[in-house]
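# Results of the structural survey
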Amino acid sequence: MSDSKLARAVDMMIRTDHMHRCLIDSRVRELGIHRTQHRILMHLARHDKLPSQKELAEKLDVTPAAVTVALKKIERDGYVERTLGQDSRYNELRITERGRELVERTREVFAATDKSLFDGFSDEELNHYIASLEKLEENIRAQLSCAPRTTERNSKRNEKMV
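Rules used throughout
- Residues numbered from 1 in each chain as written.
- Predicted model: local features only at pLDDT ≥ 70, side-chain atom pairs only at ≥ 80, totals over all residues.
- Heavy atoms only, no water.
- Helix = DSSP H or I, 4+ residues; strand = E, 2+ residues; numbered from the N terminus.
- Expected span 1.5 Å × (residues − 1).
- Buried < 20%, exposed > 50% of the residue type's maximum accessible area, 1.4 Å probe, protein only.
- Arc of directions from axis to C-beta.
- Contact = heavy atoms within 4.5 Å.
- Phe/Tyr/Trp six-rings, centres within 6.5 Å; stacked < 30°, edge-to-face > 60°.
- pLDDT = per-residue confidence, 0-100.

## Things to note about helix α4 (residues 64-76)
Residue pairs three or four apart in sequence face the same way in an α-helix, which turns once every 3.6 residues. A rise of 1.5 Å per residue sets the reference length of α4, with its 13 residues, at 18 Å; its end C-alpha atoms lie 18 Å apart and thus fit the reference within 8%. Within α4 the residues assigned to the buried category are V67, A70, L71 and I74. Seen end-on, α4 carries its buried residues on one side only, within an arc spanning 100°. α4 presents A65, V69, K72 and R76 as exposed residues on the side facing more than 90 degrees away from its buried surface. Structurally, α4 contributes buried residues whose contacts are with α2 (35-47), α3 (53-60), β1 (80-84) and β2 (91-95). Positive backbone phi, approximately 85°, marks G78, located one or two places after α4.

Below you can see the structure in the form of structure tokens.
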């Protein structure tokens, strides 16, 4: 393998990751929300309950202040509601029907977007691409202790908690 091919492959991987993120962000914005708000809604849709705001910030890799701002906005927009928790010292946030409808719309938009990304790929090409990414993931995981440990976790991440 030549150094120039490796450099090109890494450059293309970084560029396509960035382009994908920009595309997904634009699709989320078209629905009237921001990335962090969307990620919180996706978490609530899956878990029905949020961890502490500090834990959520760590999980989403954003600041606690960003979580606070996002939560206020999605509550104001009617996507979540606060209720007094079992421990009356804490409020709990729950996703509303409006929030669930938005999550379902984003899933539909993302499914269509994902399908369009692979227009023109044969099943064989897609299988080869997947196998290459799995090999790359294994190589990265072997060198990086914080890399996701299971493909199941990656699949959950692929639900567009971007």
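Right, picking up where we left off after that structure.
## Focus: the packing of aromatic side chains
The description of two aromatic rings rests on the distance between their centres and on the angle between their planes. All told, the structure shown has two aromatic pairs when counted by the stated rule. Between F118 and Y129, the ring centres sit 5.6 Å apart and the planes meet at 55°, which makes this aromatic pair tilted. One end of the pair, F118, is in the loop between α5 (97-117) and α6 (123-143); the other, Y129, is in helix α6, and 11 residues separate them in sequence. In this structure an aromatic cluster arises from ring pairing among F118, F121 and Y129.

## Structural notes on the confidence of the model for the protein chain
Per-residue confidence for the protein chain averages 86 on the pLDDT scale, and 86% of its residues sit at or above 70. α6 holds the highest mean pLDDT among the elements of the protein chain, 95, whereas helix α7 (residues 151-157) holds the lowest, 47. The model gives residues 150-162 a pLDDT under 50, and that stretch makes 23 contacts with residues more than four places away or in other chains.

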